[in-house]
Structures are given as structure tokens and as C-alpha cells.
Amino acid sequence: RFPFTMLVLQKAIKMVWELPDVMRVAYAFVLVMLCWMALWSFGVSGIVAMPIPNCGQWWLVLALSVSLFWTGAVLSNTVHVIVSGMVFLVLIHGGQAAASMPPKPLLKSLQYAVTTSFGSICYGSLFTAAIRTLRWEIRGVRSKIGNNECLLCCVDFFFHIVETLVRFFNKYAYVQIAVNGQSFNRSARDAWELFQSTGIEALIAYDCSGAVLLMNTILGGLITGTCTGVWTYFTQRDKAIMVGSTSMLIGMILVGLTVVVVESAVTSIYICYAEDPLLIQRWDPEFFEQMSEALHQRLQYRSSRARQILNGRLDHLPNTSSI
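Being a predicted model, the structure only gives us computed values, none of them experimental. (Residues numbered from 1 in each chain as written. Predicted model: local features only at pLDDT ≥ 70, side-chain atom pairs only at ≥ 80, totals over all residues. Heavy atoms only, no water.)

Student: How should the overall build of the protein chain be read in this particular structure?
Tutor: What the protein chain contains, in helices and strands, is 14 helices and zero strands. In the protein chain, the order of α-helices and β-strands from amino to carboxyl end is α-α-α-α-α-α-α-α-α-α-α-α-α-α. Buried positions account for 43% of the 323 residues belonging to the protein chain. Only carbon and sulfur atoms are counted for the fraction: they give 66% of the accessible area of the protein chain, which is about 17200 Å². (Helix = DSSP H or I, 4+ residues; strand = E, 2+ residues; numbered from the N terminus. Buried < 20%, exposed > 50% of the residue type's maximum accessible area, 1.4 Å probe, protein only. Areas by Shrake-Rupley, 256 points an atom, 1.4 Å probe, with all protein chains shown as cover.)

Right, dumping it as C-alpha cells:
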């Protein structure tokens, strides 16, 4: 899976590299987030300085951390919509310098993201990250169960619940929001139905780019939290854990704001491939051939896997033969 993941990430970075204005927007949003964090830190500092019992301090800091995380998610997904709109326009029109390209596309994409689509972005930011993480965890547990039929049945039940949630809350909705201007739930549903009808969902499940980018975000948060926690330990030992954990969250948000540019390019590539594979072929013919081959292999694997499972179940029934 990793060679294919690295291929997709390389092509996404290539796309972003061809759009330097997109990175400037990401840096501008990082600056906005830093300004918000400066204001937010005054509230946290006041709570830490107030003579409140430790348990009360933790609850207040937790509430402020949730608000900070949601603000970071909103800004991150706003960048997601802006980048997705730009990438989609570039692929449709055959390049940023194409004569059919609309004037000032980045400015229009930014204006659209912070006005018409902002409500959908705020709504989706509450759920997408949590549901995606839960889906990864259940997938990991499901692959390690083995032959325990009872446990497999329970995990399958939860997996189908999460799959239903993914149908209405997924990161690919932001591309549809950027392109079609639909509501969040409708965009998520349309994107997922598009992937399932074209078979691209098998390729997305095979891709690990989201996990790789998430690990980069977590690594950035761990470095920030560790450095700040060690410094606090030598100055105010009793506040080290609180300050370190809060700093880790801040570091993850800031790194995530820059990493989301690459993630947006990845999601836009998949949407474009599902909508019209010729868009990818026109942009990079070699990459198109590699994606098509990978999709063919994944569909063949799923077909053989389903046949094996069905044969295994039929073997437990009397008077039946394998397919």
C-alpha cells in the first residue's frame, strides 16, 4: 500500500507546487490561527492563574481546548475548500494559464468559502475528523480478529454503523462544496455514492495518504508539547502536564493547517478521477495509467476475497458446493 500512497502524495505535492498562491493562503490562515491563539491563551492563562481546584481547572481548560480544536478544524476545512476549488478548476481547464480559466480564481474561491459555504464548513468540522479516526480504528481491529465469529459479528455491526456515518460525514464533501455549492450532508452523500458507483472507493480504502499526513500532524504536536512541557517542568512543575498537553494541541492545529493543502489535492484528484478520468489523463498520462492499474487490481482482489468468504460460508451448509 505504501508505494501507491507515496505515488499519490507525490502527485498531490506536484499539483500544489504548480499553485504557489495556494500555499500563501495556507500561511495566511496560519497567521489568523496564531492571532486567535494569542487571544485564546489569555483566557487559558486566566484560568490557570485563578485559585480554582485542579479538577475545575482541567474542565475549563478542556472546554477551551474543544473550542480551539473546532476553530482549527473550521480554518483547516476552509483552506480545504479553497484548495479543492483551485485544483478542480486547474484540472478542468487544463492548467492555470489556460485561456478558459476564469479571472482571479483564487480570490473567488476564497470569497465563496468564507461566505456561501461557511455554514457547511462549520457543520462538517464537528464530525469528520472524529468519524474518520473511528473508522480507521475499527478497520484495524477488524483485520486482527481472526476466526472469532462472535467478535467479528459485533465489530461488523459497529463497522456498518460507522460506514453509514461516513456516507454523510466525509472529507470528500468539501470538494463537492467547493465545486457544486451543495449542503454538507448532500455533498458527502453524493461523493460517496460517486465513489461506490465507479469503484473508486476500493482505491481510497487502499490509500494510506490520510494516515501519513495525520502522523505528520501528530508528530508536530508531540514535538511542540514535549518541548513546552519540559520547559514548564523546570519552571512550574505542577503545571507541566496541563501546559504540555495544551501546547501539543496547538502544534497539531498549526501543522494541520499546512498539511491540509496536500490532503485537499489528494481528495480533489480522487473526485476528478471518479467524475471524469480523462481529466487526470490530460494532466498526467503516466499517473492515469498507474491509477487505472491499481484500481483494476483492487477490484480483482475484492472480487476474489468476496468469493473466498462466500465459499467458506457455503462449506458450513449441508448439500452445497463451492462457487
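Now that the structure has been shown, we can carry on.
Student: Just checking my understanding: could you explain the pattern of salt bridges for this structure?
Tutor: Any two side chains of opposite charge can pair, given that their charged atoms come close. For the structure on display, the rule yields three salt bridges. The closest approach of N and O atoms between K11 and D284, which form a salt bridge, is 3.0 Å. Taken as a pair, K11 in helix α1 (residues 2-17) and D284 in the loop between α13 (277-283) and α14 (285-314) lie far apart in primary sequence, 273 residues in all. Per residue, the accessibility class of K11 equals that of D284, and both read buried. For K14, the salt bridge identified is with D284, shortest N-O distance 3.2 Å. Taken together, the positions of K14 in helix α1 and D284 in the loop between α13 and α14 put the pair 270 residues apart, joining distant regions of the chain. Judged by its relative accessible area of 7%, D284 falls in the buried class. Here the salt bridges do not stand alone but share partners, grouping K11, K14 and D284 into one network. (Salt bridge = Lys/Arg side-chain N within 4 Å of Asp/Glu carboxyl O.)

Student: It is not clear to me how the packing of helix α8 (residues 173-180) against helix α9 (residues 184-198) should be interpreted in this structure. Could you clarify?
Tutor: The packing of two helices is summarised by the inter-axis angle and the distance between the axes. Their axes nearest at 8 Å, the elements α8 and α9 cross at an angle of 110°. Judged by the angle between their axes, α8 and α9 are roughly perpendicular. When you trace α8 past α9, the crossing you get is right-handed. Packed against α8, whose contacting residues are A173, Y174, Q176 and I177, the element α9 presents F184, S187, A188, D190 and A191 at the interface. The residue inventory of the contact of α8 with α9, partitioned by class, reads six nonpolar, two polar and one charged. (Axes fitted to C-alpha atoms, helices over the stretch in contact; angles between N-to-C directions. Parallel < 35°, antiparallel > 145°, perpendicular 65-115°, else oblique. Left-handed = near helix turned anticlockwise from the far one by under 90°. Contact = heavy atoms within 4.5 Å. Nonpolar A, V, L, I, M, F, W, Y, C, P; charged D, E, K, R; others polar.)

Student: Sorry, what's going on with the nonpolar core here?
Tutor: Most often, soluble globular proteins have nonpolar side chains that are buried together. With 73 residues, the main nonpolar core has V79, F195, I200, Y270 and I280 as its most contacted residues. Considering each element in turn, this core owes the most residues, 15 residues, to helix α12 (residues 240-275). Setting aside its immediate chain neighbours within four residues, I200 contacts F195, Y270, Y273, A274 and L295. (Core = buried A, V, L, I, M, F, W, Y, C linked by side-chain atoms within 4.5 Å.)

Student: Quick question: what am I supposed to make of the environment of S187 here?
Tutor: Turning to its location among the elements, S187 is positioned in helix α9. Relative accessible area serves as the criterion here: at 0%, S187 is assigned to the buried category. For S187 and V175, which are twelve residues apart along the polypeptide, the C-alpha to C-alpha distance reads 8.2 Å. In this structure S187 touches A173, Q176, I177 and Q182, once residues within four positions along its chain are discounted.

Student: Would you mind going over the UniProt feature "transmembrane region" (unreviewed entry) in the protein chain with me for this structure?
Tutor: Taking the UniProt record as the reference, the feature "transmembrane region" (unreviewed entry) is found at residues 25-52, 59-92, 112-134, 213-234 and 240-273. As a span, residues 59-92 carries 100% helix and 0% strand, and end to end its C-alpha atoms are 49 Å apart. Measuring from the first to the last C-alpha atom of residues 240-273 gives 48 Å, for a span that is 100% helix and 0% strand. (UniProt positions renumbered as here; feature names shortened; annotations may be inferred.)

Student: Any chance you could explain a nonpolar patch on the surface here in plain terms?
Tutor: Taken together, W70, Y123, L126 and F127 make up a surface patch of nonpolar side chains, about 370 Å² in accessible area. Along the chain, W70 falls in helix α3 (residues 54-93). (Patch = residues over 30% accessible without salt bridge, like charges linked within 9 Å, V, L, I, M, F, W, Y side chains within 5 Å.)

Student: So what exactly am I meant to see when it comes to the packing of aromatic side chains here?
Tutor: What describes a pair of aromatic rings is the distance from one ring centre to the other and the angle between the planes of the rings. Summed over the entire model, instances satisfying the criterion amount to three aromatic pairs. Between Y273 and F288, the ring centres sit 6.1 Å apart and the planes meet at 55°, which makes this aromatic pair tilted. Here the residue Y273 occupies a position in helix α12, and F288 occupies one in helix α14, the gap between them amounting to 15 residues. Across this residue pair, the class does not change: Y273 and F288 are buried. (Phe/Tyr/Trp six-rings, centres within 6.5 Å; stacked < 30°, edge-to-face > 60°.)

Student: Explain the side chain of T232 to me, please; I cannot follow it from the model alone.
Tutor: Within the element layout of this structure, T232 appears in helix α11 (residues 209-235). Sequence-distant contacts of T232, that is, excluding residues within four places in its chain, are made with R237, K239, A240 and V243.

Student: Hey, could you run me through α1 in this one?
Tutor: Turn by turn, an α-helix covers 3.6 residues, leaving residues three or four places apart pointing in a common direction. In this model α1 runs 22 Å from its N-terminal to its C-terminal C-alpha over 16 residues, within 8% of the 22 Å that 1.5 Å per residue would give. Considered for burial, the residues of α1 that qualify are F4, T5, L7, V8, L9, K11, A12, M15 and V16. (Expected span 1.5 Å × (residues − 1).)

Student: Help me understand the environment of A294, please; the structure alone is not making it clear to me.
Tutor: Assignment of secondary structure puts A294 in helix α14. Sequence spacing of A294 and F4 is 290 residues, and the spatial spacing of their C-alpha atoms is 8.0 Å. When neighbours within four sequence positions are excluded, A294 is seen to be in contact with F4 and L203.

Student: So what exactly am I meant to see when it comes to the packing of α11 against α12 here?
Tutor: At their nearest, the axes of α11 and α12 sit 7 Å apart, and the two run at 155° to each other. The angle between α11 and α12 falls in the class roughly antiparallel. Crossing angle aside, the handedness with which α11 passes α12 is right-handed. Here the residues of the contact of α11 with α12 are counted per class, giving twelve nonpolar, 14 polar and one charged.

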